[in-house]
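Architecture at a glance
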Amino acid sequence: MNIRGLIVPAITPLYNAAVDIPSLNNLLEFIINGGADSIFITGTTGEFQYLSFEEKRKIIKQAASSMRQRLPLLVGISAETVRETLALAGEAEAHKAKATVLAPMFGPGKPAEKIDSVIQNSSLPVVLYNNPEIHRGEMLPLSIVSRYAVHPRIIGIKDSSGDWEYFLELLELRSESFSILQGKESSILPSLLAGANGIVAGTANVNPGLFAKILSHQDEETMRQITELKDELKELAEKPIPALKQKLVHLGVINSAETWGKL
């Protein structure tokens, strides 16, 4: 599998202290109809850190059922333990996801050992994920990325660090079988112009068409519109996920702006 284009990391709708299945279905339809190339569930935007294994399992099952393989489904499998990571990889495989996404620096343990465990116990392709915000401020070492960039089962990396020099180093590892994805929205345009294979944009939850447009146009005007949308969201809430949920409620896509982190 080659991962390219617009990957939307879906929020996880919450209502009455449970996964809001009707809202999740509506959101997935909204994203699909908006022009996404892939959908990524149970990631940081999906508040995976606050979800139980059973909640993640429910989300994977429902997303797969709702999407019906109309777009590639990517499943975040990062967890505090390798045991849960492997169990999530098993759920992703059982429900015919196209790939898993792993932040190997999240939680205790050595990142290379976590990657090896996933490769050895799951047949699905893996996208690596670098995000210092969930890695205790640490970056996934380039030496590790370089080692796995040539592995046939490792198909790319999402970088949300915002470190431009690091991203340029990642671009040197790009190949037909290893994609470089920008997860920092402020760096979307320069990343695409520099040769990034795609973007993973949380704000695309509320306007996937705009982010699909930046991929095809790669122009300053579309980037300005994205910046304006992000400024609009900041007026709704200080933090991105509550703002996205409030906007989706206003759009009539989901029922509640509740966030999992408050439970």
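In case you missed it, the structure is sitting above this.
Rules and cut-offs
Chains are numbered independently. Their residues run from 1 in the order of the written sequence. Confidence filtering applies because this is a predicted model: local features only for residues at pLDDT of at least 70, side-chain atom pairs given and counted only at 80 or more, and all residues used for totals across whole chains, interfaces and linings. Only heavy atoms go into the side-chain values, all of them from the structure, while hydrogens and water stay out. Secondary structure follows DSSP: runs of H or I at least 4 residues long count as helices, runs of E at least 2 residues long count as strands, and numbering of each begins at the N terminus. Atoms counted for the radius of gyration: C-alpha only. Globule rule: 2.2 Å times the number of residues to the power 0.38. Under the scheme applied here, a residue whose accessible area is under 20% of the maximum for its type counts as buried, over 50% as exposed, and between as partly exposed, the area being computed with a 1.4 Å probe on protein chains only. We call two residues contacting when some pair of their heavy atoms lies within 4.5 Å. Only the protein chains shown count as cover for residues, with accessible areas throughout obtained via the Shrake-Rupley method and a probe of 1.4 Å. Helix axes are fitted only over the stretch in contact, all axes being lines through C-alpha atoms; the angle between N-to-C directions runs from 0 to 180 degrees. Roughly parallel means an angle under 35 degrees; roughly antiparallel means over 145; roughly perpendicular covers 65 to 115; every other angle is labelled oblique. In this scheme the crossing of two helices becomes right-handed for a clockwise turn of the near helix relative to the far one and left-handed for an anticlockwise turn of less than a right angle. Each residue gets one label: Ala, Val, Leu, Ile, Met, Phe, Trp, Tyr, Cys and Pro are nonpolar, Asp, Glu, Lys and Arg are charged, and the others, such as Gly, are polar. When charges are counted, neither His nor the chain ends are considered; positive counts come from Lys and Arg and negative counts from Asp and Glu. Any carboxyl oxygen of Asp or Glu within 4 Å of a side-chain nitrogen of Lys or Arg constitutes a salt bridge here. Here, strands pair whenever DSSP counts at least two bridges between them.

1. Re the overall build of the protein chain
Regarding its fold elements, the protein chain presents 10 helices and 10 strands. Relative to the 2.2 N^0.38 estimate, which gives 18 Å for 263 residues, the radius of gyration of the protein chain is 17 Å and therefore close to what a compact globule would have. Its C-alpha atoms give the protein chain principal-axis dimensions of about 45 × 45 × 35 Å. Within the span of the protein chain, comprising 263 residues, buried residues form 56% of the whole. Residue pairs at least 24 apart in sequence account for 68% of intrachain contacts in the protein chain once pairs closer than 6 positions are excluded. Working note: accessible area of the protein chain is about 11,200 Å², and carbon and sulfur atoms make up 49% of it.

2. Overview of the packing of helix α1 (residues 21-33) against helix α2 (residues 53-67)
As a packed pair, α1 and α2 sit with axes 10 Å apart at the nearest point and diverge in direction by 50°. What the angle tells us is that α1 and α2 run oblique. The handedness of the crossing between α1 and α2 is right-handed. Listed contacts from α2 to I21, L24, N25, L28, E29 and I32 of α1 are K58, I59, Q62, A63, S66 and M67. Classifying every residue of the contact of α1 with α2 gives 7 nonpolar, 3 polar and 2 charged.

3. A look at unusual backbone geometry
Its identity is not glycine, yet E47 carries a phi of approximately 60°, on the positive side. Phi at Q218 takes a positive value of approximately 50°, unusual for a residue other than glycine. Within the element layout of this structure, Q218 appears in the loop between α8 (208-217) and α9 (220-236). What makes Q218 partly exposed here is its relative accessible area of 30%.

4. Overview of the side chain of D159
For D159, the position within the fold is in strand β8 (residues 154-159). As a buried residue without a salt bridge, D159 has its nearest oppositely charged side chain in K158, at a separation of 9.4 Å. The residues touching D159, leaving out its near neighbours within four places in the chain, are N130, Y166, F167, L170, L181, Q182, G183 and K184.

5. With respect to the sheet that holds strand β6 (residues 99-102)
Strands sit in the order β1-β4-β5-β6-β7-β8-β9-β10 around a closed barrel of 8 strands; the barrel is parallel. Here the average twist between neighbouring strands, direction ignored, is 25°. As defined by bridge partners, strand β5 (residues 73-76) adjoins β6 across 3 bridges and the pair is classed as parallel. What sits directly across from G76, in β6, is V101. Contacting β6, β7 (126-130) and β8, helix α4 (residues 111-121) crosses the sheet at an angle of about 165° to β6.

6. Observations concerning the pattern of salt bridges
All chains considered together, the criterion is met by 9 salt bridges. A salt bridge links E29 to R70; the nearest nitrogen and oxygen atoms lie 2.4 Å apart. Taken together, the residues span a long stretch of sequence, with E29 in helix α1 and R70 in the loop between α2 and β5 at a distance of 41 residues. Its salt-bridge partner being E221, residue R224 comes within 2.4 Å of it at the nearest N-O pair. Of this pair, R224 and E221 both sit in helix α9, separated by 3 residues, roughly a single helical turn. The exposure class assigned to R224 is partly exposed, which follows from its relative accessible area of 39%.

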